[in-house]
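Analysis of the macromolecular model
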Amino acid sequence: MPAKTVLYDPKEFLLMDGIDELERSSPTPNPFWNRPRFEVIWNLPVMSGMTKHENIKLEAMRMADRDELSIYHDRSYIETVELFGNTGAAFSSRFGLDTEECPVFQDMHKYAAYPVGTTIDAVLDVTEEQFTSALSFFGGMHHAMESRAAGFCYYNDCAVALKMYRQMNPTKKCLYLDTDVHHGDGTQNAFYLDPNVLTISLHEYSMGFFPQTGRAEEIGAGSGKGYTVNIPLPPLTDDFEYWRVFEDVVVPLWKSYKPDLVFWEVGADGHIGDPLADLMLTFDTYARLAKTVNQLVHLGNKQLVIVGGGGYNPISAAKIWTIVLSEIAGVALPPTLPDDWVELCRSFNLTMERDGWTDRPTRSDDDHQPKIRRAIDDAISVIKEKIFPIHGIAE
Ligand SMILES: [Zn+2]
């Protein structure tokens with residue numbers, strides 16, 4: 001039986017040493033652009049033996065070229081990222097570059113262009129029907145704008161690949177589902193006027209929480225009105241509330257929209273252990289999400305692209321994406337975490353809070369729960385009032 005899932009191997013991406021240089025020159029490690037994070041994430045499915053399974057085919061990650069990047073990004077912005085990346089230094093702070101989150105470092109352009117080429121390949125691999133599903137752990141750079149870096153993202157692989165898909169398939173429809181804990185602002189902007197890309201973002205929304213957009217009232221404009229969906233979640237939202245809103249909002253919109261292609265940005269930073277965010281999701285919720293996404297895709301056109309995103313506890317992020325891979329490819333997880341992987345984590349001074357593939361289910365406490373519930377109910381009613389009628393969904 002041929003492999004049905006393609007997974008992109010970051011071998012060449014990991015051979016570059018710009019992030020090592022960045023670490024040596026920075027007072028504190030960058031939460032995203034650091035070697036332990038990439039190595040720990042990639043090596044979990046490899047050391048688990050899953051990447052050798054016949055259901056999974058490995059393909060190499062690939063850098064996007066300038067022409068591909070310019071499908072979405074501004075040429076002068078691309079040239080600046082390339083120039084600064086060649087010298088490893090910024091001449092001035094332009095385009096959101098040279099900040100704490102988006103530092104200028106050696107080979108920055110290449111590091112940013114690899115996820116884009118790879119996500120383009122992922123879309124082509126599933127739409128040309130070589131595979132049912134394609135996964136790239138190191139894509140999902142959903143904050144990058146047309147000519148601006150933000151939130152660790154320089155080039156937006158989601159926007160570039162989906163713009164390309166739209167050019168190649170003018171009448172087809174894509175569902176962009178973003179479950180990263182941060183609002184998918186860059187991708188939303190790219191398709192705000194386009195009814196052929198339905199963007200749905202579930203994210204934490206609170207005072208001071210990046211990027212401060214993604215209110216339920218942001219619903220798209222022009223012919224794209226009703227095709228941008230935002231589900232803002234208060235801090236401490238738990239599995240139960242998360243699942244309630246998924247079933248109340250995402251599932252009916254998905255079923256009525258009937259997308260040709262499903263593109264899922266699954267940041268791992270909604271997990272309870274994430275140091276940069278405040279939701280309380282557990283590994284089981286990610287498994288359930290993957291199972292549900294897979295089922296809905298198989299009821300429809302059977303084309304699924306999955307990219308990673310945020311996730312700043314490398315051990316949790318590695319587990320989450322390995323769990324997603326296991327569900328999508330139908331390859332069992334090993335009963336215990338591989339010893340050599342646990343050793344790898346130790347060598348990077350990363351401590352394992354809990355062995356295995358699950359964690360305790362959590363509920364937000366009784367004081368917070370009514371407030372959380374109310375905030376989520378408010379968002380659901382805005383969406384049901386403003387968006388559901390456009391899709392002909394009766395409420
Ligand atoms: Zn994020």
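Details of the structure are given in the entry above.
So, here is what we can say about the structure in this document. Every chain is numbered on its own, with residues counted from 1 as its sequence reads. Whole-chain, interface and lining totals are the exception, using all residues; otherwise, since this is a predicted model, local features are given only for residues with pLDDT of at least 70 and side-chain atom pairs are given and counted only at 80 or more. Side-chain measures were taken over the full set of non-hydrogen atoms in the model, leaving aside hydrogen atoms and water.

1. A few points about the overall build of the chain
As a reminder, the rule being used: In this text, helices come from DSSP runs of H or I with a minimum length of four residues, and strands from runs of E with a minimum of two, each type numbered from the N-terminal end. Relative accessible area decides the class of each residue, using a 1.4 Å probe on protein chains only: under 20% of the type maximum gives buried, over 50% gives exposed, and in between gives partly exposed. Two residues form a contact once any of their heavy atoms are found within 4.5 Å. When charges are counted, neither His nor the chain ends are considered; positive counts come from Lys and Arg and negative counts from Asp and Glu. Taken as the charge centre is NZ of Lys, CZ of Arg, CG of Asp or CD of Glu, depending on the residue.
If you tally the helices and strands in the chain, you get 13 helices and eight strands. Projected onto its principal axes, the C-alpha positions of the chain cover 55 × 50 × 50 Å. Across the 395 residues that make up the chain, the buried fraction comes to 62%. Within the chain, residue pairs in contact and separated by at least 24 positions form 77% of the contacts whose partners lie at least 6 positions apart. Across the chain, 35 positive and 57 negative side-chain charges occur, with their mean positions spaced 5 Å apart.

2. So, helix α11 (residues 314-329)
Put simply, the rule is: Expected span of a helix: the number of residues minus one, times 1.5 Å. Whenever two N or O atoms come within 3.5 Å, that pair is a polar contact, provided that in protein one can donate a hydrogen and the other can accept it, and provided that, for residues adjacent in sequence, both atoms are side-chain atoms.
Its 16 residues place the ends of α11 22 Å apart at the C-alpha level, agreeing with the 22 Å of an ideal helix rising 1.5 Å per residue. Counting buried positions over the 16 residues of α11 gives 15, a clear majority of the element. The opening residue of α11 is N313, an N-cap whose side-chain oxygen sits 3.1 Å from the backbone nitrogen of I315. Looking one or two residues past α11, G330 carries a phi angle of roughly 70 degrees, positive in sign.

3. A few points about the pattern of salt bridges
We count it as follows: Definition used for salt bridges: Asp or Glu carboxyl oxygen within 4 Å of a side-chain nitrogen of Lys or Arg.
Tallied over the entire structure, the rule returns 19 salt bridges. Note that E68 and R62 form a salt bridge whose closest N and O atoms lie 3.1 Å from each other. Through salt bridges with shared partners, a single network forms among E241, R244, R373 and D377.

4. Examining the coordination of the zinc ion
The condition is simple: As a rule, N, O and S atoms within 2.8 Å of a metal are its donors, except that Na, K and Ca use 3.2 Å; water is not among the atoms, so sites may look incomplete.
With distances of 2.0 to 2.1 Å, the protein atoms coordinating the zinc ion are D180 (OD), H182 (ND1) and D269 (OD). Within one chain, the residues serving as donors to the zinc ion are arranged as D-x1-H-x86-D. Placement of D180 in the loop between β4 (174-178) and α8 (185-190) and of D269 in the loop between β7 (261-265) and α10 (283-299) is noted, with a sequence separation of 89 residues between them. By relative accessible area, D180 is classed as buried at 1%. Note on D269: relative accessible area 0%, which makes it buried.

5. Here's the deal with the packing of aromatic side chains
For any two aromatic rings, the description comes down to two numbers: the centre-to-centre distance and the angle of the planes. Quick reminder of the rule: For Phe, Tyr and Trp, where Trp contributes only its six-membered ring, two rings pair if their centres lie within 6.5 Å, and the inter-plane angle classes them as stacked under 30 degrees, edge-to-face over 60, or tilted in between.
One pass over the full model with this rule turns up 23 aromatic pairs. Here F13 and F138 contribute two aromatic rings whose centre-to-centre distance is 5.9 Å and whose plane-to-plane angle is 20 degrees, an arrangement assigned as stacked. A residue pair is termed long-range when its members are at least 10 positions apart, and F13 in helix α1 (residues 11-15) and F138 in the loop between β3 (133-136) and α7 (157-168) qualify at 125 residues. Looking at F13, the relative accessible area reads 2%, which means it is buried. Look at F138 and you get buried, because its relative accessible area is 3%. Relative to Y257, the ring of Y227 lies with its centre 6.0 Å away and its plane at 55 degrees, an arrangement referred to as tilted. Of the two residues, Y227 is situated in the loop between β5 (197-204) and β6 (228-233) and Y257 in helix α9 (residues 239-257); the sequence distance between them amounts to 30 residues. Ring pairs connect the aromatic residues F13, F32, W33, F38, F105, Y111, Y114, F138, F152, Y154 and Y312, which therefore count as one cluster.

6. Describing the sheet that holds β5
Quick reminder of the rule: Should DSSP find at least two bridges between two strands, the strands are regarded as paired. A fitted line through C-alpha atoms represents every axis, and for helices the fit uses only the stretch in contact; the resulting angles, taken between N-to-C directions, go from 0 to 180 degrees.
Spatially, β2-β1-β3-β8-β7-β4-β5-β6 is the arrangement adopted by the eight strands of the open sheet, whose pairing is parallel. Two strands in the sheet have a free side with no partner beyond their single neighbour: β2 (56-60) and β6. The mean inter-strand angle of the sheet, taken between neighbouring strand axes irrespective of direction, is 15 degrees. Both β4 and β7 contribute to a ladder of five bridges, which runs parallel.

7. Describing the pairing of β7
The test is simple: The crossover handedness rule: strands pointing away from the viewer, path from first strand over the helix to second strand clockwise, crossover right-handed.
Of all five residues in β7, five are buried, a share of seventy percent or more. The alternating pattern of β7 places L261, F263 and E265 on one face and V262 and W264 on the opposite face, and all of these are buried. Relative to strand β8 (residues 304-307), β7 runs parallel, the two sharing four bridges. For E265, the partnering residue across the bridge sits in β8 and is V307. Note on the crossover from β7 through α10 to β8: the handedness is right-handed.

Geometric values such as these leave the question of function open.
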